[in-house]
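Descriptive analysis of the structure
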Amino acid sequence: MIGIISAMHDELAELLHVLKDKKTTILGNREYYTGNINNTPVTIVFSKWGKVAAAITTTQLIATFQPSEIIFTGVAGGIDADLNIGDLVYGTQLVQHDMDASPLFPKFEIPLLGKSFFKTSENLKLHQCIVDFNEHYFTHISEQEANDFNISKPKLVSGLIASGDEFISDVQSIEILKKNLPNLQCVEMEGASVAQVCEEYQIPFSILRIISDKADASSPIDFPLFTKKIASKYAKGILQNYCS
Ligand code: ADE
């Protein structure tokens, strides 16, 4: 069974429409939707925002539903200057950018786990599904929707994603992040905590982020509409194909 997590309902709303034989289990104030997509068993859940919410959800998902792998998908703020709204980031490593127990431990290192960076699984099938999605982009997203967000030809990059309990929306924070983590692609608020739980429970983990904003002063304005109109269609287009 594949576990699929997003922080918000809007990010997976379209995928939920293609979930067959849906059964809902309520645990810890969250709804876990179990069923089949293209005859592949899945459990879909919205974690809510932030590292604690994501860790609670991931732990419950693993303990109750025993997924063979977990995929996290959702939106992120672009940090690398080359990233534009609508681009895709396939996470290869995750770091908690607000973890700092120095001088007792190096900045970013998770105390007593002895690591700062969590590697994701090399999920070639998921990567190929993202490539396929991009090749047939306008069968998933209408030209009007793409124009509304100034998306022309989205690109896919692989790399480092940082998570923290902070919505980044100013240039100064971006500069600090870039200085400390020069290879950083994007920021969000859950991925590295899901990665930590998956590492502790030895569950393969993948992460896919869709750039919703550039983590600057314009980010809160773009955000809610983008999630509903664009991100949920990316998740459906990519993950429906993955579940086959
Ligand atoms: N998720 C989407 N955009 C974000 C941002 N700018 N900061 C943190 N998380 C985000």
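Each remark here, short or long, concerns the structure printed above.
My aim in this report is to walk through the structure given alongside it, one point at a time. (Residues numbered from 1 in each chain as written. Predicted model: local features only at pLDDT ≥ 70, side-chain atom pairs only at ≥ 80, totals over all residues. Heavy atoms only, no water.)

Our next topic: the packing of helix α1 (residues 9–17) against helix α8 (residues 219–242). Two elements in contact, α1 and α8, have axes separated by 7 Å at closest approach and are oriented at 45°. Judged by the inter-axis angle, α1 sits oblique to α8. The hand of the α1/α8 crossing is right-handed. Of the residues in α8, those in contact with Asp-10, Glu-11, Leu-12, Ala-13, Glu-14 and Leu-15 of α1 are Thr-227, Lys-228, Ala-231, Ser-232, Lys-233, Ala-235, Lys-236, Leu-239 and Gln-240. A breakdown of the residues in the contact of α1 with α8 according to their chemical character gives six nonpolar, three polar and six charged. (Axes fitted to C-alpha atoms, helices over the stretch in contact; angles between N-to-C directions. Helix = DSSP H or I, 4+ residues; strand = E, 2+ residues; numbered from the N terminus. Parallel < 35°, antiparallel > 145°, perpendicular 65-115°, else oblique. Left-handed = near helix turned anticlockwise from the far one by under 90°. Contact = heavy atoms within 4.5 Å. Nonpolar A, V, L, I, M, F, W, Y, C, P; charged D, E, K, R; others polar.)

Moving on: the layout of surface pockets. Its boundaries defined by the atoms lining it, the largest pocket holds a volume of some 150 Å³. Looking at the largest pocket, the residues that line it are His-97, Asp-98, Lys-107, Phe-108, Glu-166, Ile-168, Ser-173, Ile-176, Leu-177, Asn-180 and Leu-181. For the lining of the largest pocket, the per-class residue count stands at five nonpolar, three polar and three charged. (1 Å grid on protein atoms, 1.4 Å probe; cavity = no way out; pocket = protein on both sides within 12 Å on 5 of 7 lines; lining within 4 Å. Points joined across faces, edges and corners; volume = space filled by probe spheres on them.)

Next up on the list: the environment of Ile-211. Tracing the chain through its elements places Ile-211 in strand β10 (residues 205–213). Residue Ile-211 is classed as buried on the basis of its relative accessible area of 0%. For Ile-211 and Ala-101, which are 110 residues apart along the polypeptide, the C-alpha to C-alpha distance reads 30 Å. Residue contacts for Ile-211: discarding those within four places in its chain leaves Ala-76, Gly-77, Gly-78, Leu-83, Asn-84, Ile-85, Gly-86, Asp-87, Val-89, Cys-186 and Phe-226. (Buried < 20%, exposed > 50% of the residue type's maximum accessible area, 1.4 Å probe, protein only.)

Attention now goes to the packing of aromatic side chains. With the rule as written, the count across this model stands at seven aromatic pairs. Between Tyr-32 and Phe-65, the ring centres sit 5.3 Å apart and the planes meet at 25°, which makes this aromatic pair stacked. Separated by 33 residues along the polypeptide, Tyr-32 in strand β3 (residues 30–37) and Phe-65 in helix α2 (residues 51–65) bring together distant segments of the chain. This pair shows no difference in class: Tyr-32 is buried, exactly as Phe-65 is. Ring centres 5.6 Å apart and planes at 85° place the aromatic pair Tyr-137 and Tyr-234 in the edge-to-face group. Of this pair, Tyr-137 sits in helix α4 (residues 137–140) while Tyr-234 sits in helix α8, and the two are 97 residues apart along the sequence. On the accessibility criterion, Tyr-234 (0% relative accessible area) is buried. Ring pairs connect the aromatic residues Phe-133, Tyr-137, Phe-138 and Tyr-234, which therefore count as one cluster. (Phe/Tyr/Trp six-rings, centres within 6.5 Å; stacked < 30°, edge-to-face > 60°.)

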